[in-house]
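Spelled out from the first residue to the last, the chains are:
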Amino acid sequence: ANLSRAGKTAAGLFRPPFLVFGEASPVYTVPAGTRKEKMRLLAALLLLLATALRAANAQTGDFGYYVMALSWSPTFCALTGVREGSKQCEDGSLRGFVLHGLWPQNEDGWPEFCRTSQTDPSRSATATMADIMGSSGLAWHQWKKHGRCTGLSSDEYFNASRNAFQSVRIPDVFRGLTTDVELPASVVEEAFIEANPGMIADGITITCDEERIDEVRICLTKDLQPRECGSDVRRDCRMLDALMEAP
């Protein structure tokens, strides 16, 4: 009974004591708020470690299929792009869906930041991708993170990215959007499937960010044909009233 009483404090910072030299001694523990912060930091460090290990173990060209990510430009600009001064978000750009990237993917997981013997692209090469990606900076980042893992040269990777982008028809309703709308994310998926014969429901996923339509992710074979996505890619946004701002 004495031990249980000794372990209590008004601040609640102590836990049941240990016996030290035959007496009860309270042991200080980290407050809950501080523990949460440390856990978040630990999770971030573990993520960085996992990324480094994945890069060290990844073999360039060793992947199963592609995920092509199409970003809804107004969402990117509202949440990130304007603040960062992205050229993609300059007044008058009127961009809708742009190519975020073409990502090598496995049935479970994906490679990134691979080591490669291929030469990095020149500034002029990345600049040629700005018309469909919004900026040359994004093209460079996509090569560094994903392109190096494909086993392709930078020119081949950018050509594949462009071909993948051009192989998918953007539904007319989104090409001509002139007013902001709120809609179920599933409607975006259905519109893409209807506009692209051969595309299946399990081969496309819609993501949301801060209650907005964010990206359309489409799974493609290495020959850039529609295919089913792996389970770790199929994470559809379930919102019924996601915001889709007009460009």
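Residues numbered from 1 in each chain as written. Predicted model: local features only at pLDDT ≥ 70, side-chain atom pairs only at ≥ 80, totals over all residues. Heavy atoms only, no water.

## Here we look at the overall build of the protein
And step 1. Secondary structure assignment for the protein yields nine helices and eight strands.
And step 2. Counting across all 247 residues of the protein, residues that qualify as buried make up 39%.
And step 3. A fraction of 71% describes how many contacts in the protein between residues 6 or more apart in sequence connect residues 24 or more apart.
And step 4. Carbon and sulfur atoms form 53% of the exposed surface of the protein, whose accessible area is close to 14,100 Å². (Helix = DSSP H or I, 4+ residues; strand = E, 2+ residues; numbered from the N terminus. Buried < 20%, exposed > 50% of the residue type's maximum accessible area, 1.4 Å probe, protein only. Contact = heavy atoms within 4.5 Å. Areas by Shrake-Rupley, 256 points an atom, 1.4 Å probe, with all protein chains shown as cover.)

## Concerning the state of the cysteines
And step 1. Inspection of the entire model under this criterion finds four disulfides.
And step 2. For C114, the disulfide goes to C149, at an S-S distance of 2.1 Å. The sign of the S-S torsion, about 105°, decides the handedness of the disulfide formed by C114 and C149: right-handed. With C114 in the loop between strand 4 (97-105) and helix 4 (123-127) and C149 in the loop between helix 6 (136-145) and helix 7 (154-167), this residue pair connects regions lying 35 residues apart in the sequence. For the residue pair C114 and C149, the accessibility class agrees, reading buried in each case.
And step 3. Sulfur-sulfur distance for the disulfide between C208 and C237 comes to 2.1 Å. (Disulfide = S-S within 2.5 Å.)

## As for the side chain of R212
And step 1. Along the polypeptide, R212 turns up in strand 7 (residues 212-220).
And step 2. For R212, a relative accessible area of 17% translates into the label buried.
And step 3. Among the polar contacts listed, one links the side chain of R212 to the side chain of E245, at a separation of 2.6 Å.
And step 4. Ignoring anything within four residues of it in the chain, the contact list for R212 reads T75, A78, L79, T207, A242, L243 and E245. (Polar contact = N/O pair within 3.5 Å; in protein donor to acceptor, adjacent residues only side chain to side chain.)

## Quick notes on helix 3 (residues 73-84)
And step 1. Between the first and last C-alpha of helix 3 there are merely 14 Å, a value that for 12 residues lags more than 12% behind the 16 Å anticipated at 1.5 Å per step.
And step 2. Buried residues along helix 3 sit against strand 3 (65-72), strand 4, strand 6 (204-209) and strand 7.
And step 3. G85 sits one or two positions beyond helix 3 and adopts a positive phi of about 70°. (Expected span 1.5 Å × (residues − 1).)

## Quick word on the confidence of the model for the protein
And step 1. Summary statistics for the protein give a mean pLDDT of 85 and a share of 81% for residues scoring 70 or more.
And step 2. Contacts from residues 1-30, a stretch scored under 50 in pLDDT, to residues over four places away or in other chains number 31 contacts. (pLDDT = per-residue confidence, 0-100.)

## Topic: the side chain of N196
And step 1. Turning to its location among the elements, N196 is positioned in the loop between helix 9 (185-195) and strand 6.
And step 2. Each residue touching N196, except ones within four places of it in the same chain, is listed here: S167, V168 and R169.

## A short note on the pairing of strand 7
And step 1. Burial analysis of strand 7 places eight of its nine residues in the buried class, the great majority of the element.
And step 2. In this sheet, strand 7 lies alongside strand 3 in antiparallel orientation, the contact comprising six bridges. By the bridge assignment for strand 7, Y66 is matched with L220.
And step 3. Pairing of strand 6 with strand 7 involves six bridges; the strand directions are antiparallel. When the bridges of strand 7 are listed, T207 appears paired with E215.
And step 4. The hairpin turn running from strand 6 into strand 7, its antiparallel successor, is two residues long, and E210 in that turn takes a positive phi close to 50°. (Pairing = 2+ DSSP bridges.)

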